[in-house]
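# Report on the structure
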Amino acid sequence: MTEHIKPEEWNAFFVQQEHPPFLQSHEWGVFQEKRGFRIMRKIYGTASGNAAVQAIRYPLIGKYGYWYAPYYPLLASEEYQQFFNDCSHADPQSIFVRFEPKKTLEQASILRTKELTPSTTLLLSLSPDISTLLNQMHPKTRYNIGLASRKGVVVQRALPHDASYQDWCQQAIKLFRSTGERQSYRVQTEDYYRLLFSSFVHGESDHMHASIHLYCAWYSDTMIGAILVVTFGGVATYLYGGSASEYREAMGAYALQWTGIQDAQSMGCHAYDFWGIADTDDSSHPWSGITRFKKGFGGIAVSRPGTFDSVTKPLQYRLYNILRRVRRTLGGAQKR
């Protein structure tokens, strides 16, 4: 086992997977380190090959904290216990280990918790040519892509060497945050986005490294939308997005996704991950609208097991959950 490994060697474990998890990439770990969190990388030699996992140590109250291994560690079922033990050894004050396996892990001590990454996503194969991809879309989606073009919506990719790069990033951050507040989902801080933009290479097509691609949609000299796409191992993932409350009729969101899909294909990616849809067709689901929008582009729904906790300190874990419920209740009361 080792924590010291070159980025290319670490990423090589994951890019070989059918859908490489960018959250396990070396670049994502470095980004978390810049945020001030400790990173642990472990490699386990097995008879069938090597296993690898990257975990982030997040603080809780006082000296306590927990480890989080986001989707998905490259571990077999029998290797998880060694990983849990290593987490406890690395930080005796960790209350639990939160993880998101590729396959369901059958252990009595494992508890399901609120998902951190979406357990159901939409994957669009980029194997067909552009005309075929368009023809496979819902007619309304195809129409709205054309409508955005006819209305003069222009989508541009922001790159660090552009004179307007900093200004575009700031406008995109405002759109990300305002959209999250408007739709009542988790909103990252401005500092988070600024650090994200500065921590990753922009616009590269090297599948061995995670890179980001910021797309901005313009209409009447106004930025009406922006999306952030992460590419890693031949998969482009739509991670963040935002849109202005004005000029909705310009269909900028459709132009942004269509540009991201075309760019991903031109960079040699084999799939476009829309990163989260509702796991049901229930119209009352809070994600029903965004799910309908994403499904209009085609693709297939893929379900993952979800997010789980392996508890190392049961008493502290119970107290942690009580405090978390109280915080959510108070937060909900404040919103009302």
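Before any of the text, the structure's been laid out above.
Residues numbered from 1 in each chain as written. Predicted model: local features only at pLDDT ≥ 70, side-chain atom pairs only at ≥ 80, totals over all residues. Heavy atoms only, no water.

## Comments concerning a nonpolar patch on the surface
Note the cut-off: Here, patches come from residues exposed beyond 30% relative accessible area and free of salt bridges, joined within 9 Å for like charges and within 5 Å for nonpolar side chains (Val, Leu, Ile, Met, Phe, Trp, Tyr). Accessible areas in this description were obtained via Shrake-Rupley with a 1.4 Å probe; residue shielding takes into account the shown protein chains only. For this document, the term salt bridge refers to a Lys or Arg side-chain nitrogen within 4 Å of an Asp or Glu carboxyl oxygen. By definition, any uninterrupted DSSP run of H or I lasting at least four residues is a helix, any uninterrupted run of E lasting at least two residues is a strand, and each is numbered from the N terminus.
On the surface, a cluster of nonpolar side chains totalling about 350 Å² of accessible area is made up of Leu315, Leu319, Ile322 and Val326. With respect to the element layout, Leu319 can be found in helix α10 (residues 314–335).

## Examining the nonpolar core
The condition is simple: Here, nonpolar core refers to any group of buried Ala, Val, Leu, Ile, Met, Phe, Trp, Tyr and Cys residues whose side-chain atoms link them within 4.5 Å. Only protein chains enter the accessibility calculation, which uses a 1.4 Å probe; a residue whose area is less than 20% of its type maximum is buried, one above 50% is exposed, and one in between is partly exposed. We call two residues in contact when some of their heavy atoms are within 4.5 Å.
Grouped together as the largest cluster of nonpolar side chains are 41 residues, with contacts concentrated most on Trp28, Phe176, Phe197 and Leu214. If you list the elements that add at least two residues to this core, you get α1 (7–15), α2 (26–34), α6 (165–183), α7 (190–199), β9 (211–219), β10 (222–232) and β11 (235–243). No other element matches the 7 residues that α6 contributes to this core. Beyond its immediate stretch of four places on either side in the chain, Trp28 contacts Phe22, Leu23, Gln54, Tyr192, Leu196, Phe200 and Leu239. If you look at the next biggest cluster of nonpolar residues, it comprises 31 residues, including Leu122, Leu126, Leu133 and Met137.

## Focus: the side chain of Thr259
Within the fold, Thr259 resides in helix α8 (residues 252–266). Excluding residues that lie within four positions of it along the chain, Thr259 makes contacts with Val155 and Tyr215.

## Here's the deal with the packing of helix α5 (residues 139–150) against α8
Applied cut-off: Whenever a helix is involved, its axis is fitted only over the stretch in contact; in every case the axis is a line through C-alpha atoms, and angles between N-to-C directions fall within 0 to 180 degrees. Angles are sorted into four bins: roughly parallel if under 35 degrees, roughly antiparallel if over 145, roughly perpendicular if 65 to 115, and oblique for all others. In this count, Pro and Cys sit with the nonpolar residues alongside Ala, Val, Leu, Ile, Met, Phe, Trp and Tyr, while Asp, Glu, Lys and Arg are called charged and the others, Gly among them, polar.
Two elements in contact, α5 and α8, have axes whose closest approach is 8 Å; the angle formed by their N-to-C orientations is 100 degrees. Our classification of the angle between α5 and α8 gives roughly perpendicular. Facing α5, whose interface residues are Thr141, Asn144, Ile145 and Ala148, α8 presents Tyr254, Ala255 and Trp258. Classifying every residue of the contact of α5 with α8 gives 5 nonpolar, 2 polar and no charged.

## Things to note about the state of the cysteines
The line we're drawing: Cysteine sulfurs are considered disulfide-paired once they come within 2.5 Å of each other.
Following the criterion strictly, the structure yields 0 disulfides and no others. Cysteine Cys169 is unpaired, with the sulfur of Cys216 as its nearest cysteine sulfur at 7.3 Å. Residue class for Cys169 comes out buried when judged on its relative accessible area of 4%.

## Structural notes on the packing of α6 against α7
To keep things clear, this is the line we draw: Helix crossings fall into two classes, left-handed where the near helix is turned counterclockwise from the far one by less than a right angle and right-handed where it is turned clockwise.
Contact pair α6 / α7: the axes reach a minimum separation of 10 Å and the direction vectors enclose 135 degrees. One way to sum up the angle between α6 and α7 is to call them oblique. In terms of crossing hand, the pair formed by α6 and α7 is right-handed. Here Tyr165, Cys169, Gln170, Ile173, Phe176 and Arg177 of α6 come into contact with α7, specifically with Glu190, Tyr193, Arg194 and Phe197. By residue class, the composition of the contact of α6 with α7 is 6 nonpolar, 1 polar and 3 charged.

## Focus on empty space enclosed by the protein
Stated formally: Cavity: a set of points on a 1 Å grid over the protein atoms alone where a 1.4 Å probe fits but cannot get out. Pocket: an open set with protein on both sides within 12 Å along at least five of seven lines, its lining residues, like those of a cavity, having an atom within 4 Å of a point. Grid points are joined across faces, edges and corners, and a volume is the space filled by probe spheres set on the points.
Counted by the stated rule, this structure contains 2 cavities of 30 Å³ or more. Here the largest cavity defines a volume of roughly 100 Å³. The wall of the largest cavity is formed by His19, Pro20, Pro21, Phe22, Tyr71, Leu123, Val235, Thr237, Asp273, Trp275 and Arg304. Of the residues belonging to the lining of the largest cavity, the class tally is 7 nonpolar, 2 polar and 2 charged. Considered as a void within the structure, the second largest cavity measures approximately 40 Å³ in volume. If you go around the second largest cavity, the residues you meet are Tyr71, Glu100, Pro101, Thr117, Pro118, Ser119, Arg304, Pro305, Gly306 and Thr307. Here the lining of the second largest cavity is built from residues that sort into 4 nonpolar, 4 polar and 2 charged.

## A few points about the pattern of salt bridges
Oppositely charged side chains can form a pair if their charged atoms are brought close together. Going through the model one piece at a time under the given rule, you end up with 8 salt bridges. In this structure, the salt-bridge partner of Lys295 is Asp281, at a minimum N-O distance of 3.6 Å. In this pair, Lys295 is assigned in helix α9 (residues 288–295) and Asp281 in the loop between β12 (271–273) and α9, connecting sequence segments 14 residues apart. Overlapping salt bridges bring together Glu190, Asp191 and Arg194 as one network.

## Examining unusual backbone geometry
Here the residue pair Tyr71 and Tyr72 is connected by a cis peptide bond, since its omega of -15 degrees sits within 30 degrees of zero. Not every positive phi belongs to a glycine, and Asp221 is a case in point at roughly 65 degrees. Along the chain, Asp221 falls in the loop between β9 and β10.

## Digging into the environment of Leu134
Here Leu134 shows up in helix α4 (residues 130–135). Sequence separation between Leu134 and Val230 is 96 residues; the distance between their C-alpha atoms is 22 Å. In contact with Leu134, other than residues within four places in its own chain, are Arg142, Ile145 and Trp258.

From the geometry alone we can't say anything about function, so treat these as descriptive.
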